[in-house]
Amino acid sequence: MAAPISSREVRGLTSDELLALPAAIDLDTSNRALMIGRSTGYGLAKQGKYPVRVLRLGNAYRVVTADLLKLLGLERHPGDGDQADGGSERHGLAA
């Protein structure tokens, strides 16, 4: 049995979860997908060094999901029903 995930650990997203995301997502969701911590993600965004383009909308950060999927080597195919070559496996990309 696997050890429970503590609140300090970052759990990545599966390919299916990534492909089901809306067109733009909050920075916390993007951080989860990239398996980076909240402080690191916000620090990178503030410095303009986040791995994908970050949109600043008022006090909120948003990430274009297509940019994130491209970085992770995933893409949505029309008519594929949200399936990716990687299936449901978690990606191993970490910052």
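To be clear, the structure that these remarks concern was listed above.
Reading guide: rules and limits
- Residues numbered from 1 in each chain as written.
- Predicted model: local features only at pLDDT ≥ 70, side-chain atom pairs only at ≥ 80, totals over all residues.
- Heavy atoms only, no water.
- Axes fitted to C-alpha atoms, helices over the stretch in contact; angles between N-to-C directions.
- Helix = DSSP H or I, 4+ residues; strand = E, 2+ residues; numbered from the N terminus.
- Parallel < 35°, antiparallel > 145°, perpendicular 65-115°, else oblique.
- Left-handed = near helix turned anticlockwise from the far one by under 90°.
- Contact = heavy atoms within 4.5 Å.
- Nonpolar A, V, L, I, M, F, W, Y, C, P; charged D, E, K, R; others polar.
- Pairing = 2+ DSSP bridges.
- Salt bridge = Lys/Arg side-chain N within 4 Å of Asp/Glu carboxyl O.
- Buried < 20%, exposed > 50% of the residue type's maximum accessible area, 1.4 Å probe, protein only.
- Phe/Tyr/Trp six-rings, centres within 6.5 Å; stacked < 30°, edge-to-face > 60°.
- Lys NZ or Arg CZ within 6 Å of the ring centre and 35° of its normal.
- Polar contact = N/O pair within 3.5 Å; in protein donor to acceptor, adjacent residues only side chain to side chain.

K.L.:
Could you give an account of the packing of helix 2 (residues 27–34) against helix 3 (residues 38–47), naming the residues involved and the relevant values?
P.N.:
Packing of helix 2 against helix 3 brings their axes to within 9 Å, and their N-to-C directions diverge by 115 degrees. In terms of orientation, helix 2 lies roughly perpendicular with respect to helix 3. Considering how the two elements wind past one another, helix 2 and helix 3 form a crossing that is right-handed. Contact residues: Leu27, Asp28 and Asn31 in helix 2; Arg38, Gly41, Tyr42 and Ala45 in helix 3. Looking at side-chain class alone, the contact of helix 2 with helix 3 contains three nonpolar, two polar and two charged residues.

K.L.:
Summarise the sheet that holds strand 1 (residues 24–26); cite the residues concerned and give the values.
P.N.:
Either a parallel or an antiparallel arrangement is found when strands of a sheet pair, and the pairing is made through backbone hydrogen bonds. What the three strands build is an open sheet, ordered 1-3-2; its pairing is antiparallel. Of all the strands in the sheet, the pair left with one neighbour each is strand 1 and strand 2 (54–57). Across this sheet, the average inter-strand angle for adjacent strands is 40 degrees, counted without regard to direction. Bridge analysis of strand 1 against strand 3 (residues 60–64) gives three bridges, and the strand direction is antiparallel. Within strand 3, the position partnered with alanine 24 by the bridge is valine 64. Sheet contacts for helix 2: strand 1, strand 2 and strand 3; angle to strand 1, the most-contacted strand, approximately 90 degrees.

K.L.:
So, the pattern of salt bridges: which residues are in play, and what are the values?
P.N.:
A full pass over the atoms with the stated rule returns two salt bridges. The closest approach of N and O atoms between arginine 38 and aspartate 28, which form a salt bridge, is 3.2 Å. Of this pair, arginine 38 sits in helix 3 while aspartate 28 sits in helix 2, and the two are ten residues apart along the sequence. Look at aspartate 28 and you get partly exposed, because its relative accessible area is 30%. With a shortest N-O distance of 3.0 Å, aspartate 67 and arginine 53 are connected by a salt bridge. Of this pair, aspartate 67 sits in helix 4 (residues 65–71) while arginine 53 sits in the loop between helix 3 and strand 2, and the two are 14 residues apart along the sequence. Given a relative accessible area of 24%, aspartate 67 falls into the partly exposed group.

K.L.:
Break down the packing of aromatic side chains for me, with residues and values.
P.N.:
Within a pair of aromatic rings, the relevant descriptors are the distance that separates the centres and the angle that separates the planes. The tally for this structure, following the rule as stated, stands at one aromatic pair. If you follow arginine 56 out to its NZ or CZ, it ends over the ring of tyrosine 61, 4.8 Å from the centre.

K.L.:
Could you give an account of helix 2, with specific residues and numbers?
P.N.:
With six of its eight residues buried, helix 2 lies for the most part within the structure. Among the residues of helix 2, those classed as buried are Leu27, Thr29, Ser30, Asn31, Ala33 and Leu34. Buried residues along helix 2 sit in contact with helix 1 (15–19), strand 1, helix 3, strand 2, strand 3 and helix 4. For helix 2, the side-chain oxygen to backbone nitrogen distance between the N-cap and aspartate 28 is 3.0 Å, and the N-cap itself is aspartate 26. Count one or two residues on from helix 2 and you reach methionine 35, which has phi positive near 55 degrees.

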